[in-house]
Amino acid sequence: MKDNLILIMADQLRADVLSPELTPNIWSIKEGGIEFTRAYCACPLCVPSRGAFFSGVFPNRNGSLINPWVEEDKQHGDVREGFDNLYGMMEDGWDSIHSGKQHFFTEGGKLESKDGCKVKFVATETTYHDFLDKNGKKRPGGLKFKTPVPEMVGGRRTRLARYSNPSVGVYAEGEEFFYDNYFATKALEALKNRDRSKPLFLSAMFVAPHPPLEIPEPWFSRVRKDAVVLPENVGKFYKYQSPLQMYNLTGVIGGHYKLDQWKESWRVYLGLVSLLDDLVGRIIAELKEQGVYDESVIVFTADHGEMLGSHSLYQKMCMYEESSHVPLFMKFPKGFQTERKRYDALISLIDVVPTLADYFGLNHRNSFDGSSLLPLIKTGTDKSLPSSVFIQYDGNGSRSNFQRCVLKGRYKLIVDLFKDECYLELYDVVGDPQEKENLVFMSGELDSTIGDMLSELKEHMRATGDLIVLPNISLPLFRKLYGTIGAKQFG
């Protein structure tokens, strides 16, 4: 019989908060498998990140660019017809089960409602809301946990939207009615009742630690405030950080909180991470009880990260490490030989499905943009892997703010765009992982590096059919314009 696949994805999980103490169950997957230390999402936003992850194809190519919350831009949220996805590739031959957040959207309607879909969608956000309504319970969150934010629609008009803020509170309905407890319970029921004549594919898509930060006890009180140590870049807007972020909800919401408020948000966020870990532990325990843990490929990752006050920003939707760098652990079945326990090569989440297709021998009609990591895993090196990783952002609920990013070696180049304005940032993410110093303003010392990375980014955008085109940028003029402004504002 073929090996099993257990895919566990968190939502909005910072890679730097995992530890043996806070997240022992998630940590055990890393300890029993391998870690990719430089893994990045293809887009720091739920729907397009998952569209790219499950298809192994860049957002530009598959068409899923935004969260499709606004009717005018809704078509930009779906993965187009003709692109295979992991669910479809594993329908035949596996007992395929999904439980949790279903933010993988496909053209022609929800995946779970399409004729002939053989995946068992045992729990989704829709069934969770029905569960709450049936029991007369309220959802986590509410107006206290949302802030009004202006949002461009298609670059043509502004709407007033409400998006999650860092406010905290106790979810009074309790653990039983909290969304991820529901998803874990349904996943465990499905595991116990699965078709054991087939190998298992479990897709466990948790919401945690995505806001709202209204969570049940005992997790609300689990982390003490005096145990929270904030990263140095929390609450700071750096001198040459892109001012265009103040047009994005990350800056609109995040720019108004003081350190003590961030510390309380961090405390509850870490409690939510601990809740996530406890639920992962329940799934691991059931797999071990059934004797299939050692016969399973287990993948743990997140769709993107969370700023949580770093650079004075909140949520994701930007290219900084806290938002775009994600945890990625893979545990292979007993007896599978890997060269190392830790791989430091630049990796994109679009590489995961090609790796699984390679390992399991899955059929797929279209070509992937991602690369199989199996050669790297088996030998420790793979010169055929792309040397650069590309990330894009096209707005949240509609096409509005735009960011493009390329990582190459130790450098990350960010291009931030709003209306007719364009701002550049370059960081040495190896030497300066908190991205405090924008190297674009280093008197031209890295201009050739910036020029090469811009050219590579433009070529990637052209080749993938990007809907926007980067303007030509004069670095001396850029420094003249923004260096003076930056010095006056933050010097």
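Not measured: the values here are computed from a predicted model.

Student: Quick one: what's the story with the packing of aromatic side chains, residue by residue and with numbers?
Tutor: In total, this model carries 32 aromatic pairs according to the counting rule given. Ring centres 6.4 Å apart and planes at 70 degrees place the aromatic pair Trp69 and Phe105 in the edge-to-face group. Within this pair, whereas Trp69 is found in the loop between helix H3 (59–62) and helix H4 (86–89), its partner Phe105 is found in the loop between strand S3 (95–100) and strand S4 (120–123), the two being separated by 36 residues in sequence. A residue is classified by how much of its surface remains accessible, and Phe105, at 18% relative accessible area, is buried.

Student: With reference to specific residues and values, describe the packing of helix H6 (residues 179–192) against helix H8 (residues 259–289).
Tutor: At a minimum axis separation of 10 Å, H6 and H8 run at an interaxial angle of 5 degrees. The angle between the axes of H6 and H8 places the two elements in the roughly parallel class. Within the contact between the two elements, H6 uses Asp180, Asn181, Ala184, Thr185, Leu188, Leu191 and Lys192 and H8 uses Leu275, Leu279, Arg282, Ile283 and Glu286. Residue composition of the contact of H6 with H8, by class: six nonpolar, two polar and four charged.

Student: Describe empty space enclosed by the protein, naming the residues involved and giving the relevant values.
Tutor: As enumerated under the stated definition, the model contains one cavity of 30 Å³ or more in all. Volume-wise, the largest cavity comes out at about 40 Å³. Counting residues per element, the ones that place at least two in the lining of the largest cavity are strand S14 (388–393), strand S15 (402–408) and helix H12 (447–463). At three residues, S14 tops the list of elements feeding residues into the lining of the largest cavity.

Student: Provide a residue-level description of the sheet that holds strand S16 (residues 411–418), including the pertinent values.
Tutor: Spatial strand order, S14-S15-S16-S17: four strands in an open sheet with antiparallel pairing. The open sheet has two free edges, formed respectively by S14 and strand S17 (421–428), since each of these has just one partner strand. Across the sheet, the mean angle separating the axes of adjacent strands is 10 degrees when strand polarity is ignored. Of the strands in this sheet, S14, S15, S16 and S17 are in contact with H12, which crosses S16 at around 60 degrees.

Student: Just give me the short version of the environment of Asp3, but keep the residues and values in it.
Tutor: Within the secondary structure layout, Asp3 lies in the segment before strand S1 (4–10). With 397 residues separating them along the chain, Asp3 and Ser400 place their C-alpha atoms 43 Å apart. One polar contact links Asp3 to Tyr359, side chain to side chain, over a distance of 2.6 Å.

What counts, and at which threshold
- Residues numbered from 1 in each chain as written.
- Predicted model: local features only at pLDDT ≥ 70, side-chain atom pairs only at ≥ 80, totals over all residues.
- Heavy atoms only, no water.
- Phe/Tyr/Trp six-rings, centres within 6.5 Å; stacked < 30°, edge-to-face > 60°.
- Helix = DSSP H or I, 4+ residues; strand = E, 2+ residues; numbered from the N terminus.
- Buried < 20%, exposed > 50% of the residue type's maximum accessible area, 1.4 Å probe, protein only.
- Axes fitted to C-alpha atoms, helices over the stretch in contact; angles between N-to-C directions.
- Parallel < 35°, antiparallel > 145°, perpendicular 65-115°, else oblique.
- Contact = heavy atoms within 4.5 Å.
- Nonpolar A, V, L, I, M, F, W, Y, C, P; charged D, E, K, R; others polar.
- 1 Å grid on protein atoms, 1.4 Å probe; cavity = no way out; pocket = protein on both sides within 12 Å on 5 of 7 lines; lining within 4 Å.
- Points joined across faces, edges and corners; volume = space filled by probe spheres on them.
- Pairing = 2+ DSSP bridges.
- Polar contact = N/O pair within 3.5 Å; in protein donor to acceptor, adjacent residues only side chain to side chain.

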